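This is what each chain is made of:
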Amino acid sequence: MPEVSRSQVVVYAAIAMALLLVGARAIRGEGSTDASFAAADSGGSKSGSFTISGQSGDLVVDVTGAVRRPGVYRMPAGSRVTDAVTRAGGPTGKAELEAVNLAARLADGQQVVVPERLPAGSTAAATAAAEEGPISLGTATVGQLEEIDGIGPVTAGDIVKFRDEHGGLSSIDQLDQVPGIGPATMEALRARLQP
């Protein structure tokens, strides 16, 4: 059997450690997109680095409505609605930020709609028409969800809980995973909600 020198053992050990660290990181599934590992031989005169990078943690969101630069933006994982609004140039003077949950986590593919304030002289008919429009799934309250046919307080609470536990939802179809929502209720939700 060929003899292995001490420096070869150190290099092999460093490579093995780097591979173990990469494997452990992949198994843990950390949200970080960059990792660096450095290995040096026993003399310390040479060093190498091993870098892994990827885009797996990024989210793509559509920010529209009363913002300065509406559009589609790439955001880091874990971003909040307030980060997306800021990235879109911030709210305009007509924005009604009170209608948006700025603390909600973003989900990949989510649309963030910042509504405009109604004019001071708006009629009750205009207010009712605005209430009849689609409800944003990302910001819907239990009260708003209860207004949808077939949704009671328990199911509305379950929808909000499911949304919050999953960091937001990118599709109405994800709601079929909520207990108590059947095909008829899904149709009512599709008609009244927007992602």
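See the structure printed just above.
One numbering rule holds for all chains: residues counted from 1, following each sequence as written. Only residues with pLDDT of at least 70 are given local features in this predicted model, and only at 80 or more are side-chain atom pairs given and counted; all residues enter the totals for whole chains, interfaces and linings. Side-chain numbers come from the whole structure's heavy atoms, not from hydrogens or water.

A few points about the overall build of the protein
No. 1: Every helix listed is a DSSP run of H or I at least four residues long, and every strand listed is a run of E at least two residues long, numbered separately from the N terminus. Regarding its fold elements, the protein presents 6 helices and 7 strands.
No. 2: Listing every helix and strand of the protein by position from the N terminus yields α-β-β-β-β-α-β-α-β-α-α-α-β.
No. 3: Remark: exposure states derive from per-residue accessible area (1.4 Å probe, protein chains only) relative to the maximum for the residue type, with buried under 20%, exposed over 50%, and partly exposed in between. Looking at the protein residue by residue over its 195 residues, the buried ones come to 29%.
No. 4: Look at the contacts in the protein between residues 6 or more apart in sequence, and 43% of them connect residues 24 or more apart.
No. 5: Each accessible area value is a Shrake-Rupley result obtained with a 1.4 Å probe; residue values ignore everything except the protein chains displayed when judging cover. Only carbon and sulfur atoms are counted for the fraction: they give 55% of the accessible area of the protein, which is about 11900 Å². Between two residues, a contact is recorded if the distance between any of their heavy atoms is within 4.5 Å.

Observations concerning a nonpolar patch on the surface
No. 1: On the surface, Val4, Val9, Val11, Tyr12, Ile15 and Leu19 cluster together into a nonpolar patch covering about 570 Å² of accessible area.
No. 2: The exposed category is assigned to Leu19, whose relative accessible area is 56%. What goes into a patch is any residue over 30% in relative accessible area without a salt bridge, connected to like charges within 9 Å or, for nonpolar side chains (Val, Leu, Ile, Met, Phe, Trp, Tyr), within 5 Å. One side-chain nitrogen of Lys or Arg within 4 Å of one carboxyl oxygen of Asp or Glu is enough to make a salt bridge.

Observations regarding the nonpolar core
No. 1: Nine residue types can take part in a nonpolar core, namely buried Ala, Val, Leu, Ile, Met, Phe, Trp, Tyr and Cys, and a core is a set of them joined through side-chain atoms within 4.5 Å. Grouped together as the largest cluster of nonpolar side chains are 19 residues, with contacts concentrated most on Leu145, Ile148, Ile159, Leu175, Leu189 and Leu193.
No. 2: Every element with two or more residues in this core is listed here: helix 5 (153-165) and helix 6 (183-192).
No. 3: Broken down by element, the residue count for this core peaks at 4 residues, all from helix 5.
No. 4: When neighbours within four sequence positions are excluded, Ile148 is seen to be in contact with Ile135, Ala188, Leu189, Arg192 and Leu193.
No. 5: Grouped together as the second largest cluster of nonpolar side chains are 17 residues, Met75, Val85, Ala104 and Val114 included.

Points about the environment of Arg87
No. 1: Checked against the element boundaries, Arg87 lands in helix 2 (residues 81-87).
No. 2: Looking at Arg87, the relative accessible area reads 40%, which means it is partly exposed.
No. 3: Each residue touching Arg87, except ones within four places of it in the same chain, is listed here: Arg69, Tyr73, Arg74 and Met75.
No. 4: Under this definition, polar contacts are N or O atom pairs within 3.5 Å; protein pairs additionally need one hydrogen-donor-capable and one acceptor-capable atom, and for neighbouring residues in sequence, both atoms have to be side-chain atoms. Within the structure, Arg87 has its side chain in polar contact with the backbone oxygen of Arg74 (distance 2.8 Å).

Quick word on the sheet that holds strand 4 (residues 71-76)
No. 1: At least two DSSP bridges between two strands are needed for those strands to be called paired. The strand order across the open sheet formed by 3 strands is 4-3-5, and the pairing between neighbours is mixed. Pairing within the sheet leaves two strands with one partner each, and these edge strands are strand 4 and strand 5 (111-114). For this sheet the average axis-to-axis angle between neighbouring strands, irrespective of direction, equals 30 degrees. Helix axes are fitted only over the stretch in contact, all axes being lines through C-alpha atoms; the angle between N-to-C directions runs from 0 to 180 degrees.

Structural notes on the pairing of strand 3 (residues 58-65)
Within a regular strand, the side chains alternate between the two sheet faces.
No. 1: Sheet topology places strand 3 next to strand 4; 6 bridges connect them, and they run antiparallel. Within strand 4, the position partnered with Val60 by the bridge is Arg74.
No. 2: Between the end of strand 3 and the start of strand 4, which pair antiparallel, lie 5 residues.
No. 3: One ladder, built from 4 bridges, connects strand 3 with strand 5; its direction is parallel. Note on strand 5: the bridge partner recorded for Val63 is Val112.

Side note on the pattern of salt bridges
No. 1: Across all of its chains, the model carries 2 salt bridges by this definition.
No. 2: Put simply, Arg74 and Asp58 hold a salt bridge, and the shortest N to O gap is 4.0 Å. Here Arg74, found in strand 4, pairs with Asp58, found in strand 3; they are 16 residues apart in sequence, far enough to count as distant.
No. 3: In this structure, the salt-bridge partner of Asp164 is Arg163, at a minimum N-O distance of 3.4 Å.
No. 4: You can call Arg163 buried: its relative accessible area is 7%.

Digging into the side chain of Ser79
No. 1: With respect to the helices and strands, Ser79 occurs in the loop between strand 4 and helix 2.
No. 2: Here Pro76 takes part through its backbone oxygen, which lies 2.6 Å from a polar atom of the side chain of Ser79.

Here's the deal with the environment of Arg80
No. 1: Among the structural elements, Arg80 can be located in the loop between strand 4 and helix 2.
No. 2: Among the residues examined, Arg80 registers a relative accessible area of 32% and is labelled partly exposed.
No. 3: Dropping the residues within four chain positions of it, Arg80 is found in contact with Leu102, Ala103, Ala104, Arg105 and Leu106.

Distances and angles like these do not, on their own, reveal function.
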